[in-house]
Amino acid sequence: FMRKTFKVAALALVATAMLVGCGKSDGTVKVTGPYLTGEKAKTTYNALLTYNLSSLNNAITAHSEDGQHIANFVDGLLENDEFGRLSKALAESIEVNAGFTKFTFTIKEDIPWLKSDGTQYSANVSGTLVPQFVTADDFITTFKYCMDYSNPDLWSDTYYLPAMFLQGGWEYWGATYATYLYPANGLEATPERIAGFLLRNGFSTDVTAADIPDVLAFKRVGAKALTDGRLQLSLADSMPYFASVLTYSCFLPMNAKFVDEIGYANFGTTKDNFLYNGAYRLTSWNEGQIEYTKN
């Protein structure tokens, strides 16, 4: 989804539903409130929304009405500028090999994960609260959840994007799907059965039963956090156009510690069950109104 930038000197962005009525006497159309008045009218952008936001879970949703909001709350590696051109967002620098099969990103340092109230999120790590910043692992977290088909209640609408681009992506997707499929049919999902499933259905060409623990642990997918903090993405084939998909929601980062804390089924269901690193935070979300507050 293309990143939206609101060029307003606003402290908040408010989108509210307005009622429309037709004046019969002079043929004009009158728009009735709620109107913004005074200083708030000068500093706040007020607009009509056709569809309400349904989910903030960027690993699952493919709805454009969700993506246009998520793009304002979470920055990814790249974004589209005001002319539609790709430019760096969280990526400090990008290295691409000659065959366009490996993209390596240096992530900007000290980009905090914020809660909806604007305070930085701190995770409980062995009894110590540790402030969280965006890292390469946060992108890998999204890929894992997006392509994990072991739980049918949390299947992603965009699983195919990282699956077809990342090396080993289809293999991981197929293996997690098999861990659901076999028990659903009364069979144990043994490594032998999972390996056979992957080979028969073309999700892998060289997997064996001995490889399945590594497959399910995401170790054979071409998404690695390097020791120096960079994110390296190895692709299934030469794909010079790969950078163009990095603005889609399923390529945006997620903080694993936060997701573990609130539970993946709850992630993105409210403004408080979500973390922010972008230009705005979601500070009000109900049937009649969505409100952004500028970071």
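All values reported here derive from a predicted model rather than from experimental measurement.

K.L.:
Got a sec to walk through the overall build of the protein? Specific residues and values, please.
P.N.:
Scanning the protein from terminus to terminus reveals 8 helices and 14 strands. Relative to all contacts within the protein whose residues are 6 or more apart in sequence, the contacts with residues 24 or more apart total 60%. Counting every atom, the protein has about 14800 Å² of accessible surface; 53% of that belongs to carbon and sulfur.

K.L.:
A description of the side chain of Thr 293 should follow, citing residues and the corresponding values.
P.N.:
Mapped onto the secondary structure, Thr 293 falls in strand E14 (residues 289-294). Judged by its relative accessible area of 19%, Thr 293 falls in the buried class.

K.L.:
Quick one: what's the story with the pairing of strand E8 (residues 102-107), residue by residue and with numbers?
P.N.:
In this structure, strand E7 (residues 91-96) lies alongside E8, joined through 5 bridges in antiparallel fashion. Among the inter-strand pairings, Ala 91 is bridged to a residue of E8, identified as Ile 107. Between the end of E7 and the start of E8, which pair antiparallel, lie 5 residues, with Phe 100 showing a positive phi angle near 55 degrees. Pairing geometry for E8 and strand E12 (residues 231-234), over 4 bridges, is antiparallel. Bridge assignment links Phe 105 to a residue of E12, and that residue is Leu 231.

K.L.:
So what about the packing of aromatic side chains? Which residues, and what values?
P.N.:
Taken as a whole, this structure holds 30 aromatic pairs when the rule is applied. Ring centres of Tyr 159 and Trp 173 lie 5.2 Å apart, and the angle between their planes is 15 degrees; on these two criteria the pair is classed as stacked. Of this pair, Tyr 159 sits in the loop between helix H3 (136-147) and helix H4 (160-165) while Trp 173 is found in helix H5 (residues 169-184), placing the two residues 14 residues apart along the sequence. Residue Tyr 159 is classed as partly exposed on the basis of its relative accessible area of 22%. Between Tyr 172 and Phe 218, the ring centres sit 4.9 Å apart and the planes meet at 85 degrees, which makes this aromatic pair edge-to-face. Linking Tyr 172 in helix H5 with Phe 218 in the loop between helix H7 (212-216) and strand E11 (223-225), this pair joins segments that are 46 residues apart in sequence. Through successive ring pairs, a cluster of aromatic residues spans Tyr 149, Trp 155, Tyr 159, Tyr 160, Trp 170, Trp 173, Tyr 177, Tyr 180, Tyr 182, Phe 197 and Phe 203.

K.L.:
Explain unusual backbone geometry to me, using residue names and the numbers behind them.
P.N.:
Unlike most non-glycine residues, Ser 126 shows phi in positive territory, near 55 degrees. Structurally, Ser 126 is set in the loop between strand E9 (122-125) and strand E10 (128-131). On the basis of relative accessible area, Ser 126 is assigned to the exposed category, the value being 78%. Despite not being glycine, Phe 218 shows a phi value in the positive range, around 70 degrees. Overall, the relative accessible area of 5% leaves Phe 218 in the buried class.

K.L.:
Which residues make up the environment of Leu 86, and what values go with them?
P.N.:
As for its position among the elements, Leu 86 is in strand E6 (residues 86-88). Put simply, Leu 86 and Ala 243 are 157 residues apart on the chain and 8.1 Å apart in space, counted from C-alpha to C-alpha. Not counting chain neighbours up to four residues away, the residues in contact with Leu 86 comprise Leu 78, Glu 79, Asn 80, Ala 243, Ser 244 and Thr 247.

K.L.:
Report on the sheet that holds E7, specifying residues and quantitative values.
P.N.:
Picture the strands of a sheet paired through backbone hydrogen bonds; they go either parallel or antiparallel. Sheet architecture is open: 4 strands sit in the order E7-E8-E12-E11, paired in antiparallel fashion. Looking at which strands have only one partner, the edges of the open sheet turn out to be E7 and E11. Looking at each pair of strands side by side, their axes are set apart by 20 degrees on average, direction ignored. As judged from the 3 bridges shared by E11 and E12, these two strands associate in the antiparallel manner. Among the inter-strand pairings, Lys 224 is bridged to a residue of E12, identified as Gln 232. Strands in contact with H3 are E8, E11 and E12; relative to E11, the strand with the most contacts, it is inclined by about 150 degrees.

K.L.:
Provide a residue-level description of helix H2 (residues 64-73), including the pertinent values.
P.N.:
Burial runs high along H2: 7 of the 10 residues are buried. Along H2, the residues that are buried comprise Asp 66, Gly 67, His 69, Ile 70, Ala 71, Asn 72 and Phe 73. Buried-residue contacts for H2 involve strand E13 (280-285) and E14.

K.L.:
Before we move on, can you summarise the environment of Ala 178 with the specific residues and values?
P.N.:
With respect to the helices, strands and loops of the structure, Ala 178 is situated in helix H5. Residues Ala 178 and Phe 197 lie 19 residues apart in sequence; the distance between their C-alpha atoms is 7.1 Å.

K.L.:
I'd like a rundown of the nonpolar core, residues and numbers included.
P.N.:
Core analysis: the largest hydrophobic core is formed by 58 residues, its most contacted members being Phe 73, Leu 77, Phe 105, Phe 143, Leu 231 and Phe 242. Secondary-structure elements contributing two or more residues to this core are H2, E8, H3, H4, E12, helix H8 (256-262), E13 and E14. Ignoring any residue separated from it by four or fewer positions in sequence, one finds Phe 105 in contact with Leu 77, Ala 91, Ser 93, Ile 94, Arg 230, Leu 231, Leu 233 and Leu 246. Ala 178, Ile 194, Val 207 and Val 215 belong to the second largest nonpolar core, which has 13 residues in total.

Definitions and limits used
Residues numbered from 1 in each chain as written. Predicted model: local features only at pLDDT ≥ 70, side-chain atom pairs only at ≥ 80, totals over all residues. Heavy atoms only, no water. Helix = DSSP H or I, 4+ residues; strand = E, 2+ residues; numbered from the N terminus. Contact = heavy atoms within 4.5 Å. Areas by Shrake-Rupley, 256 points an atom, 1.4 Å probe, with all protein chains shown as cover. Buried < 20%, exposed > 50% of the residue type's maximum accessible area, 1.4 Å probe, protein only. Pairing = 2+ DSSP bridges. Phe/Tyr/Trp six-rings, centres within 6.5 Å; stacked < 30°, edge-to-face > 60°. Axes fitted to C-alpha atoms, helices over the stretch in contact; angles between N-to-C directions. Core = buried A, V, L, I, M, F, W, Y, C linked by side-chain atoms within 4.5 Å.

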